[in-house]
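Given next are the chains, with one letter for each unit.
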Amino acid sequence: MGQLGVWALPALLGAAFCLAEGWRSADTANNTGDAYQPLQPLLKTEANGRIDRLSHGLDGDPCRKRYCGRGRQCVVSEVTGQAECRCQEKCHSSFVPVCGSDGKFYENHCEVYRTSCLQKRRIFIIHSKDCFFKGDTCTMAEYSKLKSMILDIQPKVLRGNHGKNYETGMDQKRALVDTMFKYLDVNRDGRLGSEELAQISMKDHLEDSLLECTMQDLLRYDDYNNDGHLTLHEFYTAFQVVQITLPEDKRVSITTVTVGLSTVLSCAIQGTLRPPIIWKRNSIILNFLDLEDINDFGDDGSLYITKVTTIHMGNYSCHAYGYEELSQTHVLQVNVPPVILVYPETQAQEPGVAASLYCHADGIPNPKITWLKNGMDLQPRISKQLSLLANGSELHVNSVRYEDTGAYTCIAKNEVGVDEDISSLFVEDSARKTLANILWREEGLSVGNMFYVFSDEGITILQPGECEIRRQIKRTERIVASYEEMCPKSEGILPQRCVWSSAVSVRDRYVYVTQPLQKRLLVIDIQAQKVVQAVDTDPVPVKLFYDKSHDQVWVLSWGDLQRSHSTLQVISQASVGETHRVVRTQFQRVDNFFLPPTNLIITHVRFGFVFLKSEPAVHKIDLETFRRVKSISLKNYSCVPVSMAYTHLSGYYFIQCQSRNRTTPTPQLIIDSVTDTVIGYNMDVTGQPYVSPDGRYIVTPDDQSGKIRIQTLSFQGELNLTWELDTPLQQVSDLVFQHSFTESNQYSVVATSAQGTDLMFSDLSSGQREVFGNLKEPLPPLSWPWSGANRVVVSSGLFGQYLVTPSAESLFVLNGKQSGLHCEVSDIKRGNTVVWVGEV
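This write-up is about the structure you can find in this document. Model, not experiment: these values are computed from the prediction.

**Let's talk about the nonpolar core**
- Counting residues in hydrophobic clusters, the biggest one holds 53 residues, and the most contacted among them are Trp279, Leu303, Tyr316 and Val618.
- Contributions of two or more residues to this core are made by strand S12 (277-281), strand S14 (303-305), strand S15 (314-320), strand S16 (323-343), strand S37 (607-612), strand S40 (641-647), strand S41 (652-657) and strand S42 (669-672).
- Setting aside anything within four residues of it in sequence, one finds valine 618 in contact with Phe609, Val610, Phe611, Lys630, Ser631, Ile632, Leu634, Pro641, Met644, Ile655 and Ile671.
- Core analysis: the second largest hydrophobic core is formed by 23 residues, Leu192, Ala238, Phe239 and Val241 among them.

**Quick word on the environment of threonine 405**
- With respect to the helices, strands and loops of the structure, threonine 405 is situated in the loop between strand S22 (394-397) and strand S23 (406-414).
- The class for threonine 405 is partly exposed, based on a relative accessible area of 28%.
- C-alpha of threonine 405 to C-alpha of glutamine 349: the two residues are 56 residues apart in sequence and 9.4 Å apart in space.
- Beyond its immediate sequence surroundings of up to four residues, threonine 405 is in contact with Lys373, Asn374, Leu425, Phe426 and Val427.
- Polar contacts involving the side chain of threonine 405 include one to the main-chain amide nitrogen of valine 427, which spans 2.9 Å.

**Considering the packing of aromatic side chains**
- This model, assessed by the stated rule, comprises 14 aromatic pairs.
- Consider the rings of tyrosine 358 and phenylalanine 799, whose centres lie 5.8 Å apart with planes at 40 degrees: the pair is tilted. Taken together, the positions of tyrosine 358 in strand S18 (residues 355-364) and phenylalanine 799 in the loop between strand S52 (794-795) and strand S53 (802-806) put the pair 441 residues apart, joining distant regions of the chain.
- On the basis of an interplanar angle of 40 degrees and a centroid distance of 5.9 Å, the ring pair of tryptophan 558 and tryptophan 786 is categorised as tilted. Here tryptophan 558 is found in the loop between strand S33 (552-557) and strand S34 (567-571), whereas its partner tryptophan 786 is found in the loop between strand S51 (769-772) and S52, with 228 residues between them in sequence. The same class applies to tryptophan 558 and to tryptophan 786, which are both buried.
- Among the aromatic residues, ring-to-ring pairing joins Phe181, Phe235 and Phe239 into one connected group.

**Concerning the sheet that holds strand S19 (residues 368-373)**
- With mixed pairing, 5 strands are arranged side by side in an open sheet as S17-S24-S23-S19-S20. Both outer strands of the open sheet, strand S17 (346-349) and strand S20 (376-377), are each paired with one neighbouring strand and no more.
- In terms of strand pairing, S17 meets strand S24 (residues 417-427) through 4 bridges, oriented parallel. The partner of glutamine 349 across the bridge, within S24, is valine 427.

**Comments concerning the pairing of S18**
- Of all 10 residues that make up S18, 10 are buried, and the element is covered over most of its length.
- The alternating pattern of S18 places Ala355, Leu357, Cys359, Ala361 and Gly363 on one face and Ser356, Tyr358, His360, Asp362 and Ile364 on the opposite face, and all of these are buried.
- When S16 meets S18, the two strands line up antiparallel, connected through 6 bridges. Each residue of the ladder has a partner; that of valine 339, found in S18, is aspartate 362.

**As for the side chain of aspartate 702**
- For aspartate 702, the location among the structural elements is in strand S45 (residues 697-702).
- Buried charge without a salt bridge: aspartate 702, with arginine 709 as the nearest opposite-charge side chain at an N-O distance of 4.5 Å.
- Not counting the four nearest positions on each side in its chain, aspartate 702 is found in contact with Thr686, Lys707 and Arg709.

**Here we look at the pairing of strand S36 (residues 590-594)**
- The buried count for S36 comes to 4 of 5 residues, which makes it a mostly enclosed element.
- Pairing of S36 with S37, which is carried by 4 bridges, proceeds in the antiparallel orientation. Residue pairing in the sheet places valine 590 in a bridge with leucine 612 of S37.

**A short note on the state of the cysteines**
- Taken as a whole, this structure holds 9 disulfides when the rule is applied.
- Disulfide pairing places cysteine 63 opposite cysteine 74 at an S-S distance of 2.0 Å. Its S-S torsion of about -80 degrees marks the bond between cysteine 63 and cysteine 74 as left-handed, since a negative value means left-handed. Here the residue cysteine 63 occupies a position in the loop between strand S2 (50-51) and strand S3 (72-76), and cysteine 74 occupies one in strand S3, the gap between them amounting to 11 residues.

**Points about unusual backbone geometry**
- That bond from tyrosine 343 to proline 344 is cis: its omega, -10 degrees, falls within 30 degrees of zero.
- Mapping proline 344 onto the fold places it in the loop between S16 and S17.
- Note that the residue after isoleucine 364, namely proline 365, is joined by a cis bond; omega there is -5 degrees.
- Mapping proline 365 onto the fold places it in the loop between S18 and S19.
- One non-glycine residue, asparagine 374, lies in positive phi territory at about 50 degrees.
- Checked against the element boundaries, asparagine 374 lands in the loop between S19 and S20.
- Unlike most non-glycine residues, phenylalanine 626 shows phi in positive territory, near 65 degrees.
- You can see phenylalanine 626 is positioned in the loop between strand S38 (617-622) and strand S39 (628-633).

**Let's talk about the sheet that holds S34**
- On the basis of which strands lie adjacent, the open sheet formed by 4 strands has the order S32-S33-S34-S35 and antiparallel pairing. Sheet topology places strand S32 (541-547) and strand S35 (583-588) at the edges, where each strand pairs with a single neighbour. Here the strands of the sheet are splayed against their neighbours by 25 degrees on average, with no regard to which way each runs.
- With 5 bridges connecting them, S33 and S34 associate as antiparallel partners. Paired with valine 555 across the bridge in S34 is glutamine 569.

**Describing the pattern of salt bridges**
- Overall, the coordinates contain 25 salt bridges when judged by the stated rule.
- Across the pair aspartate 684 and arginine 709 runs a salt bridge whose closest N-O atoms are separated by 3.0 Å. One end of the pair, aspartate 684, is in the loop between strand S43 (677-681) and strand S44 (690-691); the other, arginine 709, is in strand S46 (residues 707-713), and 25 residues separate them in sequence.
- With a relative accessible area of 8%, arginine 709 lands in the buried category.

Thresholds applied
Residues numbered from 1 in each chain as written. Predicted model: local features only at pLDDT ≥ 70, side-chain atom pairs only at ≥ 80, totals over all residues. Heavy atoms only, no water. Core = buried A, V, L, I, M, F, W, Y, C linked by side-chain atoms within 4.5 Å. Buried < 20%, exposed > 50% of the residue type's maximum accessible area, 1.4 Å probe, protein only. Helix = DSSP H or I, 4+ residues; strand = E, 2+ residues; numbered from the N terminus. Contact = heavy atoms within 4.5 Å. Polar contact = N/O pair within 3.5 Å; in protein donor to acceptor, adjacent residues only side chain to side chain. Phe/Tyr/Trp six-rings, centres within 6.5 Å; stacked < 30°, edge-to-face > 60°. Pairing = 2+ DSSP bridges. Lys, Arg positive; Asp, Glu negative; His and termini not counted. Salt bridge = Lys/Arg side-chain N within 4 Å of Asp/Glu carboxyl O. Disulfide = S-S within 2.5 Å. Axes fitted to C-alpha atoms, helices over the stretch in contact; angles between N-to-C directions.

Take a look at the structure:
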C-alpha cells in the first residue's frame, strides 16, 4: 500500500499539470478564434485501425504544430494532405464517472469532451455529487416525443413524394423512415454514427427544442448490438416500422375438428417486429377474457381450444396488434359422430297389417342411414313390400308376414363415426299372447304415447291415433297422498272448475302441472294414471320447465296476479322418490327464465338464465348450485328481455326485447355463449324466436309484418335469412317443430293463430306452406293471463305424426304427416294446458 501511494502521487500531479497546461493552451486557442478547442493531450490515439500522426509525430508532419483540443484529434487529410481536427471516434475504455454540464452521466472525462465536440456545444465537468443521484432526464416518454418530433419535420425533406399513393399508413411510415435514414446517412455506408446524428442535430436545430433527449439517445436506446451505429433495421425498430405479411392463399383457413378433442389455430401473419397477435370471435377480443376452454395463447400467437364442442364452431380472426387491416380468418368446423334413436325398440304385429320402424340420427355432417335384418344388408331386398322412406329414417313394411319377424339394425355413419341400434319386430297372432305381444299391446298402448289435456273439468288422457279417450280424471277425484279434491273450490271462481297454467312430462314417469290459484302443483303418476301428490309452492305458480340433465323441475311463481312478488323455485330429483318438495332460489322479482333444451347431441346443460323485472340484463345461473354466475348487460341496446331461444351450433342465444312502442319494435339481440357477450342485433328480426331441435333453424313470427322469418345456421356457423313466409294468422299464438316425413334431418313448423281459427303447416326446407282453417275460436287472450300462448299446439314427440290444439270449447287432433285435421274431441273446455307423454 505504501509503494502504491508513492507511485500514485507523481501520476496525479502529472495529470493535474497536463490538465492545467491544456486549459492554458485552450485559452490561447480561444484567442485565435477556434471556439471550444482545448489542447489535445500528448498521447497517441488509435482510430479506424491505424495510428494517426499526431502533433508529437515525425518531422514534417502537418499535425506536428496543430493542437486540436480535448475531444478532438489531428488527422492528415488523404485528399488535401492538410491537417484537420476531427472529433475523436473513440475513447479509452475506463470507468471514471463524471457529470457533464448538460446534466448527463459520462463514463470518463474523455467522453465528456468527445461529446462536446460531436454536438458542437460547450460541455464541462460538474464537480458535484448531486449529479450522480440525479434521475435520467431522457425518459422513455421524452424519447418518444423526440422521435415524434423527428418524424414531424421529415415532410420538409420528402417534398418529392407527395404524389405517391400508399396502401396503408404503415407503408407511408416505412417510406418516411427510409428517406429519413438516407438523409441522416451522410457517408452512405448504411450505418448512422454519433457524428452523423450530431450533424443533423445542428443542421435542423434540434438542440433548440425544449426536449430532454438528443439525437445521441437514438444510439442509447436502439443500438441493440452496441456497436455504436444504427442500421436500417434498428432504425425501423426505433420508429416502430412494422413489416408484417400474410400470404394470399392463407387469408382464409378452414380447420375441422371432432367434438371432444382439442385444436390449435395458428396465425399466419409473420414479419419483422410483429406485434402480439389479437384473436377475435364475432368481433369480440378473446385475449383478455378469462375463458374456461380458450385460455392459452402461446408464445407464437396461436389460439388453443380445449375440449371442442359445437358452440365453438364459427369464424375466428387474428391480426397483429394495431394492424387490424391485415387479418386472417379461421373457419372452425366441428364434426360430431352420429347418435341415433330407434322406435319402437320392440313391436308385435298381426299378419297383414302395416308396420314402420323409425331411426333418427343426429350428427355433423348429416349421417347416412342403412338397415340390416338379422345382420344382413336390406338394401338389395327393397321392394313394394319393404321400402325406405325419408332417406332411410323410416323402414316401412307394407303387409307384415311371419318371415318379417327379426332384429332390424339401424346404422348411421358419417365421416367421423358410426352408431347403431336395434328395433325388433314380432309378427304373430295376438291370441298367442307372447311376452312381446303383452309388452307391446298391454303396456305400450295402455299408458304411453298419450296426450294429457288439462281442462275445466279435470284431466283427459287421449290416445291420438284412434282419437280415443283412455281416461278422464274428474276435478272431484281425490289426491292419493292427502285425499284432497284435485280441484277444490277457489275463491272468486264460479262455478267450481279446474284452473291450470303449465305442465311438463318427467321422464315418462310423472306429469307435473301447476294450479296457479291453489298455490301448488300436482304430481300425476303415469303408470297409475292418478294424482299422487300436491306440492306447495309460492303463490300463483304459472310456468314449469323440466331440466332433464339435472332431473329438476323449475317453477316460476308470480306471488300475486299483479306479479309483484315473483320468485323462482326448484324441485330436485323430480323423477324419483314418492315425496317431492320445492327449494326456493335467491332470485326475486323474476319476470321470466330460460333453460336450454337437450337433444341427442347435447345431453347436459350447465347454465340457465333469469330475467328480472324491467331490468336490461340477463343473469346467468348455475343449474347445480342455483346461484348467479354473471350478469350480461343489455343496457347499451336498451333491451329489456322477454324471451330467449338457443342453438348449440355456434352457441348463440337469441333474445326477444320488450318493444319500446308498437310502431318500432326492438330487433332481437344475439349473445355468444363462448364469450357471454352481446354480438349485436339479429339483423332487423323482431318477435319471439323458436329454434329447431337440431339447432339449424331459427324461426321468428313477426306480428308487425305478418310474416314468419326463417333463418338457417350452417355447420360453418353462418347465420342466413332463408325465407320470409306470408301468413294469414294475424298474430301467432304458438309454434312447434315437427320432423319431416319425406326427408331426414328436416323439419316443418306448425303455427296457430291467437285471434282466428287458422293453423299453418310450413316446410322449412322448401318454404312451402299450407293453411288449414275452421278450427273454431281460441280462448280470448284476456281469459288466458298465464302466458302469451292462448292457443297452444303440442306435437307427439320425435317420431309422432299427431298434434293437438284446443279451441275454447273442444280439442282438435291434427295429422302432421298429411298436414290436415284428424279429429275433434268435444266437451273439453279451456284445454289450453297440454303435455305429451310417451317414448316418441
